[in-house]
Amino acid sequence: MNVLSLSNIKKNFGSIEVLKDISLNVREGEVMSIIGSSGSGKSTILRCATMLETINGGSIIYKGKKVAWENPDGSIVYANKGELTKIRSYFGLVFQNFNLFPHYSVLKNIIDAPIHVQKIHKEKAVEIAKDLLIKMGLEGKENYYPCQLSGGQQQRVAIARALALNPSILFFDEPTSALDPELTGEVLNVLKDLAAMHMTMVIVTHEMNFAKEVSDEVMFMDKGVVAQTGTPEEVFSSSNPRIKEFLGRFYG
Amino acid sequence: MNVLSLSNIKKNFGSIEVLKDISLNVREGEVMSIIGSSGSGKSTILRCATMLETINGGSIIYKGKKVAWENPDGSIVYANKGELTKIRSYFGLVFQNFNLFPHYSVLKNIIDAPIHVQKIHKEKAVEIAKDLLIKMGLEGKENYYPCQLSGGQQQRVAIARALALNPSILFFDEPTSALDPELTGEVLNVLKDLAAMHMTMVIVTHEMNFAKEVSDEVMFMDKGVVAQTGTPEEVFSSSNPRIKEFLGRFYG
Amino acid sequence: GGSDSKDDPAKKSSDNKASEAETFTVGFDKDFPPYGYVEEDGSYAGFDIDLATEVAKRLNLEINLQPIDWDAKDMELSSGTIDCIWNGFTINGREDEYTWSDAYMNNSQVFVVRTKDNIKSTKDLAGKIVSVQTDSSAQASLEEEENADLKASFKELVVCADYNSAFMDLESGAVDAIAMDVGVARYQITKRDGNDTYAVLDEELASEQYGVGFLKGNTKLRDKVNDTLKEMVKDGTFAEISEKWFSEDVGIIGK
Amino acid sequence: MSLNVLFLQLLEGMVTSVSIFVLTLVFSLPLGLVISFGRMSKNIIVRTISKAYISVMRGTPLMLQLLMVYFGPHFIFNINISSNYRFYAVIIGFVLNYAAYFAEIYRSGIESMPKGQYEAAKVLGYGKFSTFFRIIFPQVIKIILPPITNEVITLVKDTSLAFVIAVSEMFATAKALASAQASVMPYIAAAIFYYVFNLLVAKIMEIIEKKMNYYK
Amino acid sequence: MSLNVLFLQLLEGMVTSVSIFVLTLVFSLPLGLVISFGRMSKNIIVRTISKAYISVMRGTPLMLQLLMVYFGPHFIFNINISSNYRFYAVIIGFVLNYAAYFAEIYRSGIESMPKGQYEAAKVLGYGKFSTFFRIIFPQVIKIILPPITNEVITLVKDTSLAFVIAVSEMFATAKALASAQASVMPYIAAAIFYYVFNLLVAKIMEIIEKKMNYYK
Ligand SMILES: Nc1ncnc2c1ncn2[C@@H]1O[C@H](COP(=O)(O)OP(=O)(O)OP(=O)(O)O)[C@@H](O)[C@H]1O
Ligand SMILES: Nc1ncnc2c1ncn2[C@@H]1O[C@H](COP(=O)(O)OP(=O)(O)OP(=O)(O)O)[C@@H](O)[C@H]1O
Ligand SMILES: [Mg+2]
Ligand SMILES: [Mg+2]
């Protein structure tokens, strides 16, 4: 079953077409990596899929529930508010710069949404959060504030925050940029663990090694279109000149 | 001839010993890479060498001129102000986050120090700057402001700004962190070009490929001491367990 | 107590003034018609202004009309930036604080009320709200022992910043009476263009004398001004000025 | 006259000054937030009205605004006003005026919040209301404390304007005493009162700022 | 009396108000910078004096400060003061007071500059003086414009305090006219003047802010 289906997504900023015709399907338990050069529209796809941007064409479907679709006249309709609120609980997003809430402790960052959005009982939320913190190797950091954590630790809090809402699919935007090799390794291990737990994930990344190793499917973006989608083997041995050029340094 | 000699450098922040006993020599025309995990003291070495931090022990010598040395009683003496001003013109530093002057155009960023510090005639300074901009692939960007440039472009302006003062040695702190693979490649190419022009350089980097490829010497730092110094081949095939662990992912 | 420290500089500055003696600087409140105020053309006018101007002319001094902030009048005088305070300035109660000229006119404090309210005497003010300007003679009278009962009979005594807002208070019904100088009361009532709207109670709150206040010890200048005023009374100039402002001779000096 | 006796005489005025101060803050801080919402509204009519309100309130002297609030009902609507209304008029006037200043401070703080915080809240499913009051506003408070402190310190001194509609606060009393006694002592007492009051306010704001410093 | 005539009447007062405004800015802006240096000085004596200065100037009413500046020389040093000194005293008082406020604004701006800017300048060989005036200060100006605008707008209205030492600025004139004519019209005219003056100031500051927006 497809957790997420994007079909023929179009997105313009003013007169600039950033996404031209993007389709992708993510099956349950699948890990998809999106790679491509800067400005090709990778982040924009995640932002459209998480409803942070409204699309200008195409349709978005989560677990069979329509989020947005095209009217016969070409205009875009979004589902009603109640429906959208429900669908929001299907996915989580880990931002490139984490966007933790600086005024909340680590624990509060994780339990606040479960308590106030999903109306989960506080004890229950704390229990879930503590489990997640152990899983993320952050035991004992409950009462720290984000500013007191290293980049890698902040990122793991952001992942825990997203997981606490028990989403069906998790999006990551460049989870390892600006981390040193050791921290990068650490974070990638967390992602590998999640993959091993059959978490459905879509990851925008510059880490070719990782994309190759952990993904079931790799999508290469170029200037707002999908240049190629396939297994890591297919994409990394592609004969597409743009892909070859991009990967040049990697094999350099 | 050694452009820079650091001998037995010690640096504390309060009670924390960040550099314990660092010695290094950089010969003219040599490219040295400093690698090592986060917090090992790499940036601190550059900051001590460029007099942004005062050392607590050891000595610093540029081209035979003493910058700082130890008195018999162990206290540190720095050369007098006039001497230091002169020695400052021997080196340039490209910061990790560039630190361009946001209120100056690209051209002004490059010519301001030559004109107001080195008292070079304005026409001459502009000529030098334009040459450098061409070399850096930034032709036509003279009148842009830093905020209008991409990260890679800003970095190249920062390099041009440092080169405009015609230094004998150039320091780089993580020149490619937070750039995408393509931009990384671009910036590394600029560094390669500089190396080919026999610019003396000390580069703190996480790009193992690059360190391997372009350096004459690699220094591996661990917790404030030099774990190993040698040719890239020597360091990358080291039997030191800490180095092996660090490089693990790189070969992984 | 500041009175001790004041004596010394007083002499000094009066000596100084004598040697300069070219100008005669009169401090007044430009918010106090008809004694001193600003004309439509921006010039200063008023009964006291006319008197002071005439005196200066006769003394061969150049008149310098200096409007001052009433709250700062003592500082102005003791620091020598003005030679006298001449502006409906009540002698009574301040006898020892200044060197005074002879009293030149009588003044009384009265109550202004709304005509339609049927307040005829001070007895009728019982249970009413009365307004009085801060630091005015009317306020001083009301604070006096002999008027304690009258004051106690009021529902409230409101201390206001200026007569303009006091009249607006009266008009809008927030207060029922204003205790104030009769001259000012007459001027305001006429100006407000409704002789029927307001009435002045016949019963006076107090009466008192206006004089010119000089810095304590400055008898030299005081004597000159005093003599000139008397001279003006004798030759009728004082009466003339008085007629112009009050349609009668209000002068009491030399009588 | 000793300073002690003087302070006793000024006491009633001080109580009035402090009451004006406290009541103004209690009402203008929330009102300012409402106005800042109006100022940032997507509805152009609401936005224009809020903008004009702020512009007029900040652009004309508070003294005149107090006169307007107090005498306005009579001169415009011909309503008889009662003397009891004075104090209310002072509070209304101060609240209306300060709310305009606070509104602009709130706005600058809210607009400086990074978009990422809104987006994170949205993705986590927070509604608009809880996004603002749970995530954004607590952070805004931290940022805007210094300019708020500035306004609050100005307010301490502005309380003296209440006398324009015959509310005898501390400074009016001090002025009257200074005249009556031909002495500058009451002024000095007044200055000490303001200075101590301000020190107190500054200290309290400093403590709040420190408390907010548990993060970032 | 028509509004026209009224405005003519108030004109002289307006000229005074505007002069106070302009002269205060001309002198207090640089003085504030000097004081902010003192406030940030490494020398504890200089720093403590500057801190106390700022604290007293911001903590006591400007009105009292004006009285001090004007009458102080006489009452403290027994110097004869002349009436011509009035206007100078107003300017001195305003400059001393506003410089304290500006000093704190400068300080907040200077302290918010990233260390990297100083370090970049240092490595490039700039001296302390050129680092400050070529690199830091131009960027500080951009940051502090909004709080400076706030103070400048407050200054417009504060000019009315000058009358406490008998300098007849616009508001005092309006008050006197209101008394003489028993009318509120002069007040309304005064409000219009302040509002227009403020609009003008706000507009000018907005233009400067826009000009500064060529970067970041
Ligand atoms: N809000 C916006 N308004 C206008 N243009 C935008 C906006 N957001 C993104 N763009 C443009 O859309 C294009 C795609 O941006 P996007 O952030 O999706 O790229 P990306 O593939 O994530 O790049 P990177 O690897 O640098 O993060 C870019 O050219 C960008 O300038
Ligand atoms: N100003 C300072 N005060 C106190 N400690 C400091 C200071 N600057 C650096 N440190 C500490 O010194 C150690 C070395 O820091 P340094 O920045 O040199 O590391 P690095 O090797 O450059 O790391 P990275 O790869 O993360 O840049 C770290 O533990 C850091 O926390
Ligand atoms: Mg992106
Ligand atoms: Mg570093």
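Everything quoted here is computed from the prediction, not taken from an experiment.

About the criteria used
- Residues numbered from 1 in each chain as written.
- Chains lettered and ligands numbered in written order.
- Predicted model: local features only at pLDDT ≥ 70, side-chain atom pairs only at ≥ 80, totals over all residues.
- Heavy atoms only, no water.
- Core = buried A, V, L, I, M, F, W, Y, C linked by side-chain atoms within 4.5 Å.
- Buried < 20%, exposed > 50% of the residue type's maximum accessible area, 1.4 Å probe, protein only.
- Contact = heavy atoms within 4.5 Å.
- Near = heavy atom within 4 Å.
- Polar contact = N/O pair within 3.5 Å; in protein donor to acceptor, adjacent residues only side chain to side chain.
- Areas by Shrake-Rupley, 256 points an atom, 1.4 Å probe, with all protein chains shown as cover.
- Helix = DSSP H or I, 4+ residues; strand = E, 2+ residues; numbered from the N terminus.
- Nonpolar A, V, L, I, M, F, W, Y, C, P; charged D, E, K, R; others polar.
- Salt bridge = Lys/Arg side-chain N within 4 Å of Asp/Glu carboxyl O.

Chemist: Go over the nonpolar core with me, naming the residues and quoting the values.
Modeler: Where a protein is soluble and globular, its nonpolar side chains tend to be buried together. Counting residues in hydrophobic clusters, the biggest one holds 207 residues, and the most contacted among them are Leu-4, Tyr-62 and Phe-171 of chain A together with Leu-4, Tyr-62 and Phe-171 of chain B. Filtering out sequence-adjacent residues up to four positions away, Leu-4 of chain B remains in contact with Leu-24, Asn-25, Val-26, Ala-49, Ile-60, Ile-61, Tyr-62, Ile-169 and Phe-171 of chain B.

Chemist: How would you sum up the site of ligand 1? Please name residues and give values.
Modeler: All names here are of chain A. Around ligand 1, the neighbouring residues are Phe-13, Val-18, Ser-37, Ser-38, Gly-39, Ser-40, Gly-41, Lys-42, Ser-43, Thr-44, Glu-174 and His-206. Separating an oxygen atom of ligand 1 from a backbone N or O atom of Lys-42 is a distance of 2.9 Å. In this structure, an oxygen atom belonging to ligand 1 sits 3.1 Å away from a side-chain N or O atom of Glu-174. If ligand 1 stood free it would expose 640 Å²; the protein chains cover 59% of that surface. In terms of residue count, helix α1 (residues 42-49) provides more of the shell around ligand 1 than any other element does, 3 residues in total.

Chemist: Can you tell me about the site of ligand 2, naming the residues and giving the values?
Modeler: Residue and element names in this part refer to chain B. The local shell around ligand 2 consists of Phe-13, Val-18, Ser-37, Ser-38, Gly-39, Ser-40, Gly-41, Lys-42, Ser-43, Thr-44, Glu-174 and His-206. Take Ser-38: an N or O atom from its side chain is 2.6 Å from an oxygen atom of ligand 2. The side chain of Ser-43 places a nitrogen or oxygen atom 2.6 Å from an oxygen atom of ligand 2. Among the elements that line the shell around ligand 2, the one with the most residues is helix α1 (residues 42-49), at 3 residues. Here the shell around ligand 2 is composed, by residue class, of 2 nonpolar, 8 polar and 2 charged.

Chemist: If you had to explain the pattern of salt bridges to someone new, which residues and values would you point to?
Modeler: All told, the structure shown has 41 salt bridges over all chains when counted by the stated rule. With a closest N to O distance of 3.6 Å, Arg-242 of chain B and Glu-245 of chain B form a salt bridge. Linking Arg-242 of chain B with Glu-245 of chain B, this pair stays in helix α9 (residues 241-251), spanning 3 residues, or about one helical turn. For Arg-242 of chain B, a relative accessible area of 17% translates into the label buried. A salt bridge links Lys-57 of chain C to Glu-54 of chain C, with the nearest nitrogen and oxygen atoms 3.7 Å apart. Taken as a pair, Lys-57 of chain C and Glu-54 of chain C lie in helix α2 (residues 47-58) at a separation of 3 residues, close to a single helical turn. Relative accessible area serves as the criterion here: at 61%, Lys-57 of chain C is assigned to the exposed category. Under the relative-accessibility criterion, Glu-54 of chain C is labelled buried at 16%. Bridged by salt links that share partners, the residues Lys-11, Arg-47 and Glu-53 of chain A together with Lys-115 and Glu-119 of chain D form one connected network.

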